[in-house]
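Architecture and fold: a report
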Amino acid sequence: MADPKTYTATCSAPVNIAVIKYWGKRDTSLILPTNDSLSVTLDQDHLRSVTTASASAAFEAGDRLWLNGIEEQIKDSKRLLACIQECRKVRKSREEADASLAKMSDLPLHICSENNFPTAAGLASSASGFAALVATLASLYSLQPTLSTSDLSRIARQGSGSACRSLFGGFVAWQSGTSPDGSDSLAVEVAPKSHWPSLQALICVVSDAKKGTPSTAGMQQSVATSPLLQHRIKNVVPGRMVEMGKAVQAKDFDLFAEVTMNDSNNFHACALDTSPPIFYMNDTSRAIVQLIEEYNRSSIEETGKRRVAYTYDAGPNAVLYAEEKEVPTVLALVRHYFPNADFDDTFNLLGAGANAS
Ligand code: 2P0
């Protein structure tokens with residue numbers, strides 16, 4: 001008898017770095033956030049997840065998944081199950097509606113995913129990982145164009161909130177939505193990467209050790225205990241989303257930098273306002289903040305404008321944004337003051353979203 005047919009697809013997805021941070025869920029099961037967020041998608045040369053999924057009747061042990069070569073138990077992860085089940089459900093309904101489509105929705109899956117950077121070091125591995133998973137299953141099951149990229153982002157969101165933003169390239173907003181079922185909590189493109197090609201990002205890996213407080217637990221501890229987070233959700237983020245939208249549309253780096261740094265500091269203040277307090281930044285992180293603030297202060301004196309922005313996620317690593325013409329100076333500055341630090345000295349161009357590779 002001939003071997004059963006195997007269907008295969010491979011996609012990759014990049015990391016995104018939020019400039020308006022997501023911190024807090026109003027629904028932990030559906031992963032619905034307490035506020036909107038906005039991010040920049042990086043290119044895929046340095047930080048990406050690549051996922052291959054195959055479906056075949058020959059896979060007798062059922063669905064299996066390997067992450068960086070180590071098998072993970074799918075049944076132990078509600079998030080993996082949600083993404084796989086959602087994609088299967090859409091494929092199945094399409095098969096039922098169109099008899100010419102191959103019956104593959106019930107076939108067992110083998111999924112392999114690899115990151116080319118340290119997992120869980122505050123470098124958004126879950127964002128690229130779940131975006132790559134959903135993009136790969138969408139490709140395997142031919143879900144597009146029936147489903148839009150925003151539809152896929154709604155599925156990826158159930159894997160990890162920030163993953164919904166990695167489906168798009170360029171500048172991306174995750175609209176928190178108001179519906180209890182999550183139907184309006186999805187990512188939309190604010191501007192494509194081609195809109196502002198001179199904007200670049202530098203990842204400063206201060207430490208690639210696994211972080212202390214995972215963001216999923218940390219953000220809910222903040223929701224439960226931080227009055228400052230409630231203020232941030234109600235009074236701070238809505239205005240910043242508007243300002244950041246304006247900065248991106250106008251390619252106004254000074255405004256972009258001001259809002260980005262303010263939001264990073266506000267997010268880390270909320271972490272500190274949590275009980276018990278959460279410290280993501282370390283002494284080196286804070287030294288980088290001081291260096292950039294001082295550099296911008298002299299730049300404002302000279303030109304009236306900022307030249308560099310820093311932002312920190314749930315870890316000590318800095319991401320610096322600057323326009324291309326500033327990059328050699330920023331690199332020289334960082335290398336001069338941190339001669340022994342292990343910085344990735346490559347600026348990442350802004351990238352495209354998840355795609356077939
Ligand atoms: C962000 N972070 O907007 C913020 C800034 C960390 C700091 O999204 O529980 O891994 O999987 O939805 O997406 C990290 O949170 O959390 C994050 P889950 P996620 O990028």
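Residues numbered from 1 in each chain as written. Predicted model: local features only at pLDDT ≥ 70, side-chain atom pairs only at ≥ 80, totals over all residues.

What the domain assignment lists for the chain is domain 1 (6-193) and domain 2 (199-349). The C-alpha centroid of domain 2 is placed 26 Å from the C-alpha centroid of domain 1. (Domains from an automatic or database assignment.)

Contacts to the ligand come from 14 residues, most closely from Ala 18, Tyr 22, Ser 160, Gly 161 and Ser 162. A per-class count over the shell around the ligand returns five nonpolar, seven polar and two charged. The two domains that each donate at least three residues to the shell around the ligand are domain 1 (6-193) and domain 2 (199-349). (Near = placed C-beta within 6 Å. Nonpolar A, V, L, I, M, F, W, Y, C, P; charged D, E, K, R; others polar.)

So, about the confidence of the model for the chain. Summing up the model confidence of the chain, the mean pLDDT is 92 and the portion of residues at 70 or higher is 93%. As scored by the predictor, the complex reaches a pTM of 0.95 and an ipTM of 0.99. (pLDDT = per-residue confidence, 0-100.)

Strand order in the open sheet made by the four strands is β2-β5-β10-β11, with antiparallel pairing throughout. Looking along the sheet, the strands with just one partner apiece sit at the ends: β2 (16-20) and β11 (186-191). Here the strands of the sheet are splayed against their neighbours by 35° on average, with no regard to which way each runs. Of the pairings in the sheet, the one linking strand β10 (residues 171-175) to β11 comprises five bridges and is antiparallel in character. (Pairing = 2+ DSSP bridges. Helix = DSSP H or I, 4+ residues; strand = E, 2+ residues; numbered from the N terminus. Axes fitted to C-alpha atoms, helices over the stretch in contact; angles between N-to-C directions.)

Okay, the packing of helix α5 (residues 227-250) against helix α6 (residues 253-272) next. The contact between α5 and α6 brings their axes to 10 Å, and the two run at 165°. When the axis of α5 is compared with that of α6, the two are roughly antiparallel. α6 is crossed by α5, and the crossing has left-handed handedness. Of the residues in α6, those touching α5 at Leu 228, Leu 229, Arg 232, Val 236, Arg 240, Glu 243, Met 244, Lys 246, Ala 247 and Val 248 are Leu 255, Phe 256, Val 259, Asp 263, Asn 266, Ala 269 and Cys 270. Across the contact of α5 with α6, the residue classes tally to eleven nonpolar, one polar and five charged. (Parallel < 35°, antiparallel > 145°, perpendicular 65-115°, else oblique. Left-handed = near helix turned anticlockwise from the far one by under 90°. Contact = placed C-beta atoms within 7 Å.)

On to α5, then. Given a rise of 1.5 Å per residue, 24 residues ought to cover 34 Å, and the 34 Å separating the end C-alpha atoms of α5 matches this to within 8%. For α5, the principal kink sits at Val 236 and spans about 45°; a proline, Pro 238, occurs within the next four residues. Inspection of α5 places Leu 229, Arg 232, Ile 233, Val 237, Arg 240, Met 241, Met 244, Ala 247 and Val 248 among the buried residues, and these make up the whole buried set. Of the surrounding secondary structure, the elements contacted by the buried residues of α5 are β2, β5 (37-41), β10, β11, α4 (215-225) and α6. Just downstream of α5 lies Lys 251, where phi reads positive at about 50°. (Expected span 1.5 Å × (residues − 1). Bend = angle between axes of the 7 residues up to and from the residue. Buried ≥ 20, exposed ≤ 12 C-beta atoms within 10 Å, placed from the backbone.)

Backbone phi values are negative for most residues with the exception of glycine, while trans is the configuration of most peptide bonds. Residue Pro 145 is reached from Gln 144 by a cis peptide bond, and omega for that bond is 10°. Tracing the chain through its elements places Pro 145 in the loop between α2 (125-140) and α3 (149-157). For the peptide bond that leads from Ser 275 to Pro 276, omega is -5°, which places it in the cis range. The topology assignment puts Pro 276 in the loop between α6 and α7 (283-303). The backbone of Ser 142 sits at a positive phi, close to 50°, despite the residue not being glycine. We classify Ser 142 as partly exposed; it has 16 C-beta atoms within 10 Å. A positive phi angle, near 50°, is found at Lys 251, a position not held by glycine. Checked against the element boundaries, Lys 251 lands in the loop between α5 and α6.

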